[in-house]
Amino acid sequence: MPDLSMPAPLTQFSEEEQMFRESVREFAQAKIGPHVHSMDQAGKFEPDLLRQFFDMNLMGIEIPEAYGGAGCGFFMSILAVEELSRVDASAGVIVDVQNTLVNNALMRWGNDTQRSRYLPQMASGTLGAYALSEAGSGSDAFALTTRAELKGDRYILNGQKLWITNAAEADLFILFATVDPALGYKGITAFIVEKSFPGFQVGKKEDKLGIRASSTCELVLENCEVPRENILGEVGKGYKVSIETLNEGRIGIGAQMVGLASGALESGIQYAKGREQFGQPIARFQAIQFQIAELATQLEAARLLVYNAARLKDARLPFVKEAAMTKYFSSQVAEKVTSQVLEIFGGYGYTKDYPAEKYFRDSKIGKIYEGTSFMQLQTIAKLVMGDR
Ligand SMILES: Cc1cc2nc3c(=O)[nH]c(=O)nc-3n(C[C@H](O)[C@H](O)[C@H](O)COP(=O)(O)OP(=O)(O)OC[C@H]3O[C@@H](n4cnc5c(N)ncnc54)[C@H](O)[C@@H]3O)c2cc1C
């Protein structure tokens, strides 16, 4: 029997967590697995799988049961993203954006009317997207230029967003615009934008290196009419909405990276046991064993960072530094694991007949979105060094 008077090890799950993790793992293997290759080739996610995410309550994990969600904690979202990404990192990011960015922003900053209107939709069938970046403002997110002007009872939005995950399939967007560029970051305001609002359009879809089944699109706002009551939080407080949601989102990206690195490593181990050279499985060579041991150790460290940051968040303890470290380290580990696993597959790893090359391509995004690795280092440095 475990000693319950001791703090629990990070990798110890409650019964509920254990069951949830197993059900997502089985679902991912059985239902997503068969489509991974074709979705990657087509650059399109299976709409039926998206429907199944909702049916399994994976799209409203933290939404309270009163609004139709699963009423679970943040750690469960992290487990879902990890398990889905083990099979397909595109599936992982779709669920990640919905739960850790969009739903979180609505739950935290939405007023009662907004919560009652939107949370049941998010839990039951509406896919969400999070639109901060623009062509000229990525790392420098608060240099955004999309303009929002109040005219009567509505804001008129003009501008363009770039790189928006889930945009092709989404019906609801948390979108950031400035009410007055002269105010700098204090002009930035978050809006809840429905796809059907006049003047809103989804533009070009990117043809990407990895996570190809996850849509990434431009958004075009031409005199887009957003009712005044769709401001999320307060006018001029959008910077706070974005910083705080992205802090949580980064733990999700850490989980995506750990998940895909686990999937890659498992496939590498399996391959090494079956592939024979010099009359024996290559898994018998110490060089292969040591590589796998090294990667497994790095992966374990990354997973502990992810779990600790998520548990800190659920415990309402400070987690910003840990979240930045999680994303920084996990994306580094994922790149290393997937790259070395590809080499374990030899020439076959370089082809699309085996999963290694896709894991490698998918890993690369971890160092870029939701703040590049340099941006994470900047946050970590600030928090560990104070005033420099
Ligand atoms: C597939 C994909 C999905 C995405 N999904 C979304 C989404 O859903 N919503 C959304 O809003 N955005 C999304 N993004 C945008 C993403 O967050 C940005 O691409 C990212 O923040 C980097 O911005 P940038 O591309 O403009 O690069 P830049 O900011 O131009 O950076 C270029 C390089 O300069 C470095 N750099 C920049 N500033 C500094 C500095 N001060 N010190 C040191 N180095 C620096 C960066 O680290 C990077 O190496 C997505 C991007 C991709 C590729």
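No experiment lies behind these values; they were computed from the predicted model shown.

Below, the discussion takes up the state of the cysteines. Going through the model one piece at a time under the given rule, you end up with 0 disulfides. Left without a disulfide partner, C217 is nearest to the cysteine sulfur of C224, which lies 16 Å away. Under the relative-accessibility criterion, C217 is labelled buried at 1%.

Another point: helix α9 (residues 320-344). For α9, with 25 residues, the first-to-last C-alpha span of 36 Å sits near the 36 Å given by 1.5 Å per residue. Just beyond α9, the residue with positive phi is G346, at close to 60°.

Next up on the list: the pattern of salt bridges. Evaluated as defined, the whole model comprises 26 salt bridges. A salt bridge links R108 to E248; the nearest nitrogen and oxygen atoms lie 3.3 Å apart. Residue R108 is located in helix α5 (residues 89-109), and its partner E248 is located in helix α7 (residues 238-274); the two are separated by 140 residues in the primary sequence. Accessibility expressed as a relative area gives 47% for R108, which makes it partly exposed. Using a relative accessible area of 3% as the deciding quantity, one classes E248 as buried. The partner of E225 in a salt bridge is R154, and the shortest N-O contact between them spans 3.4 Å. Residue E225 is located in strand β7 (residues 216-227), and its partner R154 is located in strand β3 (residues 154-165); the two are separated by 71 residues in the primary sequence. Put simply, R21, R25, E83, R86 and E266 are held in one network by salt bridges that share partners.

The full set close to the ligand counts 18 residues, and Y130, S133, S139, W163 and T372 are the nearest of them. One nitrogen or oxygen atom from the main chain of Y130 is found 2.7 Å from a nitrogen atom belonging to the ligand. At a separation of 2.7 Å, a nitrogen atom of the ligand approaches a polar side-chain atom of T165. The fraction of the free accessible surface of the ligand (970 Å²) that becomes covered by protein chains is 65%.

What follows covers the packing of α9 against helix α10 (residues 356-363). Any two packed helices are characterised by how steeply their axes cross, that is the angle between the axes, and by the distance between the axes. Viewed as axis vectors pointing N to C, α9 and α10 meet at an angle of 160°, and their least axial separation amounts to 8 Å. As judged from the angle between their axes, α9 and α10 are roughly antiparallel. Handedness of the α9/α10 crossing: left-handed. Residues A334, E335, T338, S339, V341 and L342 of α9 form the contact with α10, whose participating residues are A356, E357, Y359, F360 and S363.

Attention shifts here to the side chain of S85. Summarising the element assignment, S85 is placed in helix α4 (residues 74-87). For S85, a relative accessible area of 0% gives the class buried. In terms of polar contacts, S85 uses its side chain to reach the backbone carbonyl oxygen of V81, at 2.7 Å. The contact partners of S85, leaving out residues within four places of it in the chain, are G92, Q256, G259, L260 and Y359.

By size, the foremost hydrophobic cluster in this structure holds 117 residues, and its most contacted members are I32, F53, L84, L106, L157 and V193. A per-element tally of this core places α7 first, with 13 residues. Among residues more than four places away in sequence, those in contact with L106 are R115, Y118, L119, M122, L172, I174, I192 and L232.

Let us now look at the pairing of strand β1 (residues 128-131). Every second residue of β1 is oriented toward a common face, with G128 and Y130 on one face and A129 and A131 on the other, all of them buried. Relative to strand β4 (residues 172-178), β1 runs parallel, the two being bridged by 4 bridges. Bridged to G128 within β4 is L172.

Of all 7 residues in β4, 7 are buried, a share of seventy percent or more. Burial of the side chains of β4 extends over both faces: L172, I174, F176 and T178 are buried on one face and F173, L175 and A177 on the other. When β4 meets strand β5 (residues 188-194), the two strands line up antiparallel, connected through 7 bridges. Residue pairing across strands places F176 opposite A190, the latter belonging to β5.

Quick look at the environment of A141 now. Relative to the elements of secondary structure, A141 occurs in the loop between β1 and β2 (147-151). Assessed through its relative accessible area of 14%, A141 is described here as buried. The spacing of A141 and Y185 is 44 residues in sequence and 9.2 Å in space, taken between C-alpha atoms.

Cut-offs used in this document
Residues numbered from 1 in each chain as written. Predicted model: local features only at pLDDT ≥ 70, side-chain atom pairs only at ≥ 80, totals over all residues. Heavy atoms only, no water. Disulfide = S-S within 2.5 Å. Buried < 20%, exposed > 50% of the residue type's maximum accessible area, 1.4 Å probe, protein only. Helix = DSSP H or I, 4+ residues; strand = E, 2+ residues; numbered from the N terminus. Expected span 1.5 Å × (residues − 1). Salt bridge = Lys/Arg side-chain N within 4 Å of Asp/Glu carboxyl O. Near = heavy atom within 4 Å. Polar contact = N/O pair within 3.5 Å; in protein donor to acceptor, adjacent residues only side chain to side chain. Areas by Shrake-Rupley, 256 points an atom, 1.4 Å probe, with all protein chains shown as cover. Axes fitted to C-alpha atoms, helices over the stretch in contact; angles between N-to-C directions. Parallel < 35°, antiparallel > 145°, perpendicular 65-115°, else oblique. Left-handed = near helix turned anticlockwise from the far one by under 90°. Contact = heavy atoms within 4.5 Å. Core = buried A, V, L, I, M, F, W, Y, C linked by side-chain atoms within 4.5 Å. Pairing = 2+ DSSP bridges.

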